[in-house]
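# Structural description and commentary
What follows is each chain in one-letter form.
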Amino acid sequence: MTEGWADILHPGERVLWQGQPDQSIQWRGPALPFAFFGVTFAVFALLWMVKTYLSGGYWLFGLFQFCTGLVITAAPLLIGPFIARRTWYSLSSRRAFFANDLPFSGKTLLALDLRPSLGVEFDGKDPGTIRFQGRAEPIIGRQFDSAPAFAQLPDARTVYGLIRDIQKGSV
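Small disclaimer: the values here were computed from a predicted structure and weren't measured.

If you trace the backbone, R95 turns up in strand β3 (residues 95-102). With relative accessibility at 9%, the residue R95 sits in the buried group. Side chain to side chain, R95 and E13 meet in a polar contact 3.0 Å long. Residues contacting R95, with those up to four places away along its chain left out, are I8, L9, H10, E13, S90, A111, L112, D113, L114 and I139.

This part is about helix α1 (residues 31-54). With 24 residues, α1 extends 35 Å from end C-alpha to end C-alpha; this agrees with the ideal 34 Å at 1.5 Å per step. Looking at α1, one finds that the buried residues are A31, A35, G38, A42, A45, M49 and T52. The elements touched by buried residues of α1 are α2 (61-85). Count one or two residues on from α1 and you reach G56, which has phi positive near 85°.

A few words on a nonpolar patch on the surface. Taken together, the side chains of L46, W48, V50, Y53, L54, Y58, W59, L60, F61 and L63 present a nonpolar region at the surface, about 1,000 Å² in accessible area. Looking at the nonpolar patch, the elements that each hand over two or more residues are α1 and α2. Examining the composition of the nonpolar patch, we find that five residues originate from one element, α1, more than from any other. Summarising the element assignment, V50 is placed in helix α1. Looking at V50, the relative accessible area reads 43%, which means it is partly exposed.

Pairing is antiparallel in the open sheet, where five strands are placed in the order β1-β2-β3-β4-β7. Each of the sheet's edge strands pairs with one partner strand only, and the pair in question is β1 (15-19) and β7 (137-140). Across this sheet, the average inter-strand angle for adjacent strands is 25°, counted without regard to direction. Here eight bridges tie β3 to strand β4 (residues 106-113), and the two strands are oriented antiparallel to one another. The partner of D101 across the bridge, within β4, is K107. Contacts from helix α3 (residues 156-168) reach β1 and β2 (87-92), with the element oriented near 40° to β2.

Parameters at a glance
- Along each chain, residues carry numbers from 1 onward, in the same order as the chain's sequence is written.
- For this predicted model, a pLDDT threshold of at least 70 governs which residues receive local features, and a threshold of 80 or more governs which side-chain atom pairs are given and counted, while totals over whole chains, interfaces and linings are taken from all residues.
- With hydrogens and water stripped out, all remaining heavy atoms of the structure feed into the side-chain values.
- Helix and strand definitions here come from DSSP, where helices need a minimum of 4 consecutive H or I residues and strands a minimum of 2 consecutive E residues; each element is numbered from the N-terminal end.
- Relative accessible area decides the class of each residue, using a 1.4 Å probe on protein chains only: under 20% of the type maximum gives buried, over 50% gives exposed, and in between gives partly exposed.
- Two N or O atoms form a polar contact when they lie within 3.5 Å of each other; inside protein one atom must be a possible hydrogen donor and the other a possible acceptor, and for residues adjacent in sequence the pair counts only when both atoms belong to side chains.
- Residues count as neighbours in contact if any of their non-hydrogen atoms are within 4.5 Å of one another.
- Here, expected helix span is obtained from the residue count minus one, scaled by 1.5 Å.
- To count toward a patch, a residue needs a relative accessible area above 30% and no salt bridge. Like charges then connect within 9 Å, nonpolar side chains (Val, Leu, Ile, Met, Phe, Trp, Tyr) within 5 Å.
- Surface exposure here means Shrake-Rupley accessible area, sampled with a 1.4 Å probe, where a residue is shielded only by the protein chains that are shown.
- By convention in these notes, a salt bridge is any Lys or Arg side-chain nitrogen within 4 Å of a carboxyl oxygen on Asp or Glu.
- Two strands qualify as a pair provided that DSSP identifies no fewer than 2 bridges between them.
- Axis definition: a line fitted to C-alpha atoms, over the contacting stretch in the case of helices. Angles run 0 to 180 degrees between N-to-C directions.

Encoded structure:
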């Protein structure tokens, strides 16, 4: 599992776990108000186009607004899975790693030392999110996240236990 990590890991450090966030579409959280607004916008545009068509007007003017409503509906729901497919998390015997490969921002790799005094919070959900109370240092690229977290992990409870073991020095 340590193949390709030679110039990243410290001497004696080894990779213990690697994973990615859940990539399914989430029908909750901040995406829902945007989706509701987008559907409302698209329905209003559709009704306007039908009324204009029935009155003999040029209904194609409403097509742009209709498409805009559909984009407003779908984009927040699809951006999360898009980012999740390009995000990777890793745990070594000493550090947590956060990697992204996103269009326009490029590849980024951050590392956070898992010292015993580092605060770690687990939300208890499945898939769950583990938040770290420290600041990750960039190894490759620019820093992309001021509050590092392992977001939407399918096996978050197991990973949280592993993090605690690393902090105790029992790994």
